[in-house]
Amino acid sequence: MSQPWNRLSRRQLLKGLGGASALPLLGAMPSLAIGGQHAGHVVVVGGGFGGATAAKYLKRANPAIKVTLVEPAEVFYTCPFSNLFLGGLRDMRSIAHNYDELRQRYDVDVIHALAEDIDADTHKVRLSTGDTLHYDRLVLSPGVDMRWDALDGYDEATAEKAPHAWKAGHQTTLLKQQLEAMEDGGTFIMVAPDNPYRCPPGPYERAGMVAHYFKEHKPSSKVLILDAKDNFSKQGLFTAGWQHLYGDRIEWVGLSNDGRVTRVDADNLEVETEFGTRHRADVLNVIPPQKAGWIADRAGVTDSSGWVPVKPDTFESQQVNDIYVVGDATVAAPMPKSGFCANAQAKVVAAAIASSLEQQPAPTAYWANTCYSLVGPNYGISVAGVYRVTDGAIAEVAGAGGISPADAPDTVRALEAEYAVGWYNAICQDTWGTQV
Amino acid sequence: MSHSYRIKTALSRRKVLQHGVAGLGLLLLSPFAWASGAWQQLDAAQQVLNGATPITQGLTLDLPHVSEDGSAVPLGIQFNGDLADGDYLTDIHLFAAGNPQPEIATFRLNELSRYPDIATRVRLNETQHVVAIAKSHQGQTFAVSQEVRITVSGCLMRGEDNQPEPLTNPRVSVNQQVAAGDALEVRTLINHPMETGLREDSNGERLPRHIIEQFTVRLGDEVAFEAELHQSISANPYLRFHLTPHQSGELVFEWQDDQDKQARHTSELSVS
Ligand SMILES: Cc1cc2nc3c(=O)[nH]c(=O)nc-3n(C[C@H](O)[C@H](O)[C@H](O)COP(=O)(O)OP(=O)(O)OC[C@H]3O[C@@H](n4cnc5c(N)ncnc54)[C@H](O)[C@@H]3O)c2cc1C
């Protein structure tokens, strides 16, 4: 498909950057598309925050790169704002995105299939359709998988009774239906995992959203969080916000007060903690420990932790050449496992791959992140960070970023709730091209 | 949960060396016998070693490569090395090489706790090596070290310090029935601030040290397991370890802090 944007030649693009910087680059472009040949084939596995962004920004870096995106779902539901759906503030359509822009505007070849296996030696990806793709560079952004063996009694089958809702879609609507079917006076129990896991503030945003739904529709119901850790993201802000909006409707039990759940009985909606306390729920939300999406194992890029170590400058795998990994699957701490980070890492990978296909060094990388959380519909809090590579590791830039003030008036919280919506619209537009 | 426990019958290292080809054996074994480890630069560890060259295989540390919360890093220590028949580990010392006070804990094992599989949670100020040194009853020494990278993420910013009341809520989880000779898993947790003596309060005043120093488990009249705890153990000390009891009796768990206050917990154990 030939869009006006694609017809812009690379030379024209570079001119726009100013002659001085363009000249040295022009000499080093042996792989530019000439007469229908492409400048290298990049296969991207996963069309979430990391993968969709990588596909788009590869094309923006050099339209002559052939980009194939492999993602089974035709419609992608974001985890960000799925808690707002649980709180009754949004419908599922408002968090749904598709791949039209990638196809039509950026000429990405989108294949709706699973990548089933990867052979790093021969640079091949086998798809569930039976086809095999050959890549020059591979990008993996498979997100997380649940560790089904980590919690006694909790597996894929029991997740239908006690949903995790930690991947948006069917699991999210299942949890919502259970909340709606629950009688007033019931208890919603959430089992929260130890670090690292997808979206550090996510469980606590969810607690607030469920409490909001209860306040409006089931005022005698309670939220109990059983946590496998003693500290959590934005803890002080969340705790103060919960108290302010919901009184003592939300109770949090941390690790040192026997909050770590070790056994789940999904049939009876019962959980047992490490020191033998049993809790019965009316709706049970178990967020189990996680690891990199399984295809990362197939590619040989995970280590014994279950996550993917990457070279901090480029996010290329430390273990396998020509495979780049972004998003939740990676070990990128202190960057959190957030959609914002996946998007930022994908841009660094796109630039690094475009450079490497032209035998150029990767540009210097830096990243930013903001985690917005809604405590209530008009009550937002946030934490922001800026990151760069220092002494061979990703580090937070001291003094940059920050956290919402502790004693802010409601007007500030209301503004932050608006910024959260602005952030969501902007990142979805940047990733999937979805217009609001 | 109980794991069956078998005494190792494999050839001990000492026995290997006693065989005729001692010279060759030494040559072959030297790469790991002399392998360097973080304990070589650590005075506290050198004192424990007291000139001995430790065996660097058999003792294993289970730690995350990267931890996002240095205030409570899960740590496991196990032993699956070779010892002579009848020999067993008596002391395991843990150190955080990069902390201002490197001692984490010392575990004292005996006939009633000779299945070395222990877990706790430790404080690590910064990226550093954790070191473990173990001694056996017959005088063998073992060492291992592992690096842990500490990254305190802004996104994980914690809340206000909710200091627990010292020595409250002693918790013990243990099966009440076990077959003689089986290893019995025991988990314990107690609330205590484990104040290091290195922190300042909001007025810049140094907070005095206040920690649990000693944890003792008795079965009847006999000491079955002991732990000496130091500042690098996390607040609200957690310990998971194993007992290998041969007789029924009352299990008594006792925590004692540096202000001479105690907490106790008891449970009945029936060994068949
Ligand atoms: C409740 C909740 C709230 C959240 N809120 C926020 C927020 O407010 N802000 C924020 O920044 N982040 C938030 N997050 C985190 C965010 O969802 C993740 O960090 C983000 O989705 C990570 O992007 P990713 O590309 O790594 O994975 P994903 O976005 O999960 O994408 C992975 C994709 O890969 C596909 N895939 C997997 N395996 C294969 C395969 N073998 N072949 C082909 N395709 C495959 C999957 O189908 C999926 O579409 C939240 C998460 C949760 C659970």
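Quantities reported herein were computed from a predicted structural model and do not represent experimental measurements.

Analysis parameters
- Residues numbered from 1 in each chain as written.
- Chains lettered and ligands numbered in written order.
- Predicted model: local features only at pLDDT ≥ 70, side-chain atom pairs only at ≥ 80, totals over all residues.
- Heavy atoms only, no water.
- Near = heavy atom within 4 Å.
- Polar contact = N/O pair within 3.5 Å; in protein donor to acceptor, adjacent residues only side chain to side chain.
- Areas by Shrake-Rupley, 256 points an atom, 1.4 Å probe, with all protein chains shown as cover.
- Helix = DSSP H or I, 4+ residues; strand = E, 2+ residues; numbered from the N terminus.
- Nonpolar A, V, L, I, M, F, W, Y, C, P; charged D, E, K, R; others polar.
- Pairing = 2+ DSSP bridges.
- Axes fitted to C-alpha atoms, helices over the stretch in contact; angles between N-to-C directions.
- Contact = heavy atoms within 4.5 Å.
- Parallel < 35°, antiparallel > 145°, perpendicular 65-115°, else oblique.
- Expected span 1.5 Å × (residues − 1).
- Buried < 20%, exposed > 50% of the residue type's maximum accessible area, 1.4 Å probe, protein only.

With respect to the site of the ligand
Residues and elements named next belong to chain A.
So, point 1. Around the ligand sit 35 residues in total, of which Gly50, Glu71, Ser141, Arg198 and Asp328 are the nearest.
So, point 2. A distance of 2.7 Å separates an oxygen atom of the ligand from a polar side-chain atom of Ser141.
So, point 3. A distance of 2.9 Å separates an oxygen atom of the ligand from a polar backbone atom of Phe340.
So, point 4. When the free accessible area of the ligand is taken as 990 Å², the share hidden by the protein chains comes to 93%.
So, point 5. If you list the elements that add at least two residues to the shell around the ligand, you get α4 (49-61), α5 (82-86) and α11 (339-357).
So, point 6. Per element, the largest residue contribution to the shell around the ligand is three residues, and it comes from α11.
So, point 7. Among the residues forming the shell around the ligand, the class breakdown is 19 nonpolar, 11 polar and five charged.

A few points about the sheet that holds strand β1 (residues 41-45) of chain A
Residue and element names in this part refer to chain A.
So, point 1. Taken in spatial order, the five strands line up as β5-β2-β1-β9-β20 in an open sheet, and their pairing is parallel. Each edge of the open sheet carries a strand with a single partner, namely β5 (109-111) and β20 (323-325). When the angles between neighbouring strand axes are averaged without regard to direction, this sheet yields 20°.
So, point 2. Each of β1, β2 (66-70) and β9 (137-140) is contacted by α4, which is oriented at about 170° to β2, the strand it contacts most.
So, point 3. Against the sheet, α11 contacts β1, β9 and β20, and its axis sits at roughly 170° relative to β9.

Observations regarding the packing of helix α8 (residues 202-217) of chain A against helix α9 (residues 235-246) of chain A
Residues and elements named next belong to chain A.
So, point 1. One can describe the packing of α8 onto α9 by two numbers: an axis separation of 11 Å at closest approach and a directional angle of 0°. One finds that α8 runs roughly parallel with respect to α9. For the pair formed by α8 and α9, the contact residues are Tyr204, Glu205, Ala207, Gly208, Ala211, His212 and Lys215 on the first element and Phe238, Trp242, Leu245 and Tyr246 on the second.
So, point 2. A per-class count over the contact of α8 with α9 returns seven nonpolar, two polar and two charged.

What about helix α12 (residues 410-432) of chain A?
Residue and element names in this part refer to chain A.
So, point 1. Taking 1.5 Å as the rise per residue, α12 with 23 residues should run 33 Å; its terminal C-alpha atoms sit 33 Å apart, in good agreement.
So, point 2. Here α12 has its buried residues at Arg413, Glu416, Ala417, Ala420, Trp423, Tyr424, Asn425, Ile427, Cys428, Asp430, Thr431 and Trp432.
So, point 3. Two residues or fewer past α12, Gly433 is found with a positive phi of approximately 75°.

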